Structures are given as C-alpha cells and as structure tokens.
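Residue-level listing of the chains:
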Amino acid sequence: MSDIPSVETSPATVAAEPGPFPVPEGKVALIVIDMQRDFLLPGGFGETLGNDVSLLQQVVPPLAEVLAAARESGLLVIHTREGHLPDLSDCPPAKLKRGKPSQRIGDVGPHGRILIRGEYGHDIIDELAPLDDEIVIDKPGKGAFYATELGTILREAGITHLIVTGVTTEVCVHTTVREANDRGYDVLVLSDCVGSYFPDFQRIGLDMVAAQGGIFGWVADSAAFLQALKQPVLSA
Ligand code: C5J
C-alpha cells in the first residue's frame, strides 16, 4: 500500500435553492434551450401564439455572459432547437392543429417557414450562436431528451450535472428539467437565464423546481454560478 495519502477533492458549489449545488470537474454541461429567432423575434412562432416576445429579450445578456464563462471553463456546451422536418412528418397533428395561432407551424412567415429546420427563424439568435464545435440538438418536442441523441451524448461524456438555461421556463425548460431529473441528473436552473412570456409562470415555474427540498432540482442566479466557476477546487 502506498504511503502517499490519496487526495480527495471537493467540487466548487453554487449558492442555490434549496441548498448548495456542486460543480464536479468534468461532469457538468451547460444546456441552452431553444434560444431561437422563432421564439425571440417578432414574426416568429412565439408571436403567432399571441405572445409579447420582447419579454424574452432580458434573458440574452446574462445568458451570453454564462455562455462565455462556460466556454472559458471548458464545460461541455449543448444548444437545442425546437422544430420540425420540412414535410412535418415529425410533427404530431395534435401539435400542428392546436389552438388558434395567427400562423401555424410550417406556414411562411417573415423569418421563413415557422419552426421548420433549416429556416432562418428556426436558428439560434446571433448573440448566442453556437461555436462550430458545439453540439446542437434538434428536437421535435418540448423536452430535449425526447426523440434526440442527448441522453447518449451526456452518458458518453460522463456528465452527471446540468446547468439549464433558455426559453421558455414553463414549457421546454421545465419539460427538459423533469426529463433530466427522472434520468438521474442533478439539474441547476439559472433564474435570470431562463425566460417566459408570462411573468407569473416564470416565478412559479422556478419555485416548482426547488420546492419540496428540490423536487426537480436547484435554482440560482447567474451571478452565483459565475462565482462558483471562479472557486478553486478544494482539497478535502
Ligand atoms: C414553446 C419552448 N414555448 N421552447 N417552446 O413552445 O418553450
């Protein structure tokens, strides 16, 4: 047996609700959900549903800062986009026909065909554009795990902890957080880096994540996360 004591390390932690969220080296990925023109710009899918898309713009500056810090720290960065094949074969009729939008998925809008892969509106806003070597997951549903390769990518990369950002808080962010939680991931949602068209849903959606001792995960703001990225990894 070696005389050299093994060095245990404890990860940096983020001050979060309902308690500290660990950031174990090499096991954390930043997930940026659906920061697409179709959700953030006038004339896109979000607006066809009757929403004030300007409410989502406030997410962009703090998320750009988090994205830059994550890249600098070497975290795995994964972007997602919600959308469908041009022939709509991956869009269930229930999703296509639901509600009374001013235009439906696949119709031609000012940014191209709405929520269709390859169209200008389907792509990610310029401020948060993925780097060439970053992973972009195209998903037909709300959750990022449903009908995608995300689970395989995370497993192969040894990721156990997810930092979740993007839009919208109560729809694609929540669905993804719940999917991740059921799959055994520890999930931290950054409160100022997720956005909703509905201020009440934003507040309650975040409360729901961390309630009951963290029933779905943890919540912190971007400042707390950025602070944790600056912490040295401590020796125990
Ligand atoms: C919606 C999303 N709101 N990305 N999608 O339909 O949250």
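Structure shown above.
Residues numbered from 1 in each chain as written. Predicted model: local features only at pLDDT ≥ 70, side-chain atom pairs only at ≥ 80, totals over all residues. Heavy atoms only, no water.

A. Representation of the overall build of the chain. Helix and strand content of the chain: eight helices and 12 strands. Against the globule reference of 18 Å for 236 residues, the chain gives a C-alpha radius of gyration of 18 Å, in line with a compact fold. Taking the principal axes of the C-alpha coordinates as reference, the chain spans close to 70 × 35 × 30 Å. Within the chain, the fraction of its 236 residues that count as buried is 49%. In the chain, the share of contacts with a sequence separation of at least 24, taken over all contacts with a separation of at least 6, comes to 73%. Separation between the mean location of the 18 positive side-chain charges and that of the 32 negative ones in the chain comes to 9 Å. (Helix = DSSP H or I, 4+ residues; strand = E, 2+ residues; numbered from the N terminus. Rg over C-alpha atoms; globule rule 2.2 N^0.38 Å. Buried < 20%, exposed > 50% of the residue type's maximum accessible area, 1.4 Å probe, protein only. Contact = heavy atoms within 4.5 Å. Lys, Arg positive; Asp, Glu negative; His and termini not counted. Charge placed at Lys NZ, Arg CZ, Asp CG, Glu CD.)

B. Inspection of the packing of helix α3 (residues 60–73) against helix α8 (residues 222–230) at higher detail. Close contact between α3 and α8 brings their axes to 10 Å; oriented N to C, the two are set at 15 degrees. In terms of orientation, α3 lies roughly parallel with respect to α8. The interaxial crossing formed by α3 with α8 has left-handed handedness. Within the contact between the two elements, α3 uses Pro62, Glu65, Val66, Ala69, Ala70 and Ser73 and α8 uses Ser222, Phe225, Leu226 and Leu229. (Axes fitted to C-alpha atoms, helices over the stretch in contact; angles between N-to-C directions. Parallel < 35°, antiparallel > 145°, perpendicular 65-115°, else oblique. Left-handed = near helix turned anticlockwise from the far one by under 90°.)

C. Here's a closer look at the environment of Phe145. Here Phe145 shows up in the loop between β8 (135–139) and α5 (150–157). The exposure class assigned to Phe145 is buried, which follows from its relative accessible area of 7%. Separated by 30 residues in sequence, Phe145 and Thr175 have C-alpha atoms that sit 9.2 Å apart. Contact partners of Phe145, with chain neighbours within four places excluded, come to Leu150, Gly151, Leu154, Leu162, Thr176, Glu179, Ala180, Arg183 and Tyr185.

D. Up close: the site of the ligand. Taken together, Asp34, Phe39, Glu82, Lys142, Val167, Thr168, Val171 and Cys172 make up the full set of residues adjacent to the ligand. Asp34 is positioned such that a nitrogen or oxygen atom in its side chain is 2.8 Å from a nitrogen atom of the ligand. Within the backbone of Cys172, one N or O atom sits 3.1 Å away from an oxygen atom of the ligand. Protein chains bury 93% of the 230 Å² of accessible surface belonging to the ligand in isolation. Judged by its atoms lying within 2 Å of the grid points, the ligand is housed in the largest pocket. Of the residues contributing to the shell around the ligand, the split by class is four nonpolar, one polar and three charged. (Near = heavy atom within 4 Å. Polar contact = N/O pair within 3.5 Å; in protein donor to acceptor, adjacent residues only side chain to side chain. Areas by Shrake-Rupley, 256 points an atom, 1.4 Å probe, with all protein chains shown as cover. 1 Å grid on protein atoms, 1.4 Å probe; cavity = no way out; pocket = protein on both sides within 12 Å on 5 of 7 lines; lining within 4 Å. Sits in = over half its atoms within 2 Å of the grid points. Nonpolar A, V, L, I, M, F, W, Y, C, P; charged D, E, K, R; others polar.)

E. Here's a closer look at the sheet that holds strand β9 (residues 161–167). Spatially, β8-β5-β4-β9-β10-β11 is the arrangement adopted by the six strands of the open sheet, whose pairing is parallel. Each of the sheet's edge strands pairs with one partner strand only, and the pair in question is β8 and β11 (218–220). Adjacent strand axes in the sheet meet at a mean angle of 25 degrees, parallel and antiparallel pairs treated alike. Taken together, the three bridges between strand β10 (residues 186–195) and β11 define a ladder with parallel strand orientation. Along β11, the bridge assignment pairs Val189 with Val219. Against the sheet, helix α6 (residues 169–182) engages β4 (28–33), β5 (76–82), β8, β9 and β10, with an angle of about 165 degrees to β9. (Pairing = 2+ DSSP bridges.)

F. Just helix α7 (residues 199–214), in detail. Between its terminal C-alpha atoms α7 stretches 21 Å, which fits the 22 Å expected from 16 residues at 1.5 Å a residue. Those residues of α7 that fall on the buried side of the exposure criterion are Gln202, Gly205, Leu206, Val209 and Ala210. Where the residues of α7 are buried, they touch α6, β10 and β11. (Expected span 1.5 Å × (residues − 1).)

G. Highlighting the pattern of salt bridges. Following the criterion strictly, the structure yields nine salt bridges and no others. A salt bridge links Asp126 to Arg37, with the shortest nitrogen-to-oxygen separation between them at 2.7 Å. Placement of the pair is Asp126 in the loop between β7 (112–113) and β8 and Arg37 in helix α1 (residues 37–40), with a sequence separation of 89 residues. The class of Arg37 is buried, set by a relative accessible area of 8%. Residue Asp200 is joined to Arg203 by a salt bridge in which the shortest nitrogen-to-oxygen separation is 3.7 Å. With Asp200 and Arg203 both in helix α7, this residue pair falls three residues apart, about one helical turn. Note on Arg203: relative accessible area 47%, which makes it partly exposed. A network of salt bridges, in which partner residues are shared, links Arg81, Asp123 and Asp138. (Salt bridge = Lys/Arg side-chain N within 4 Å of Asp/Glu carboxyl O.)

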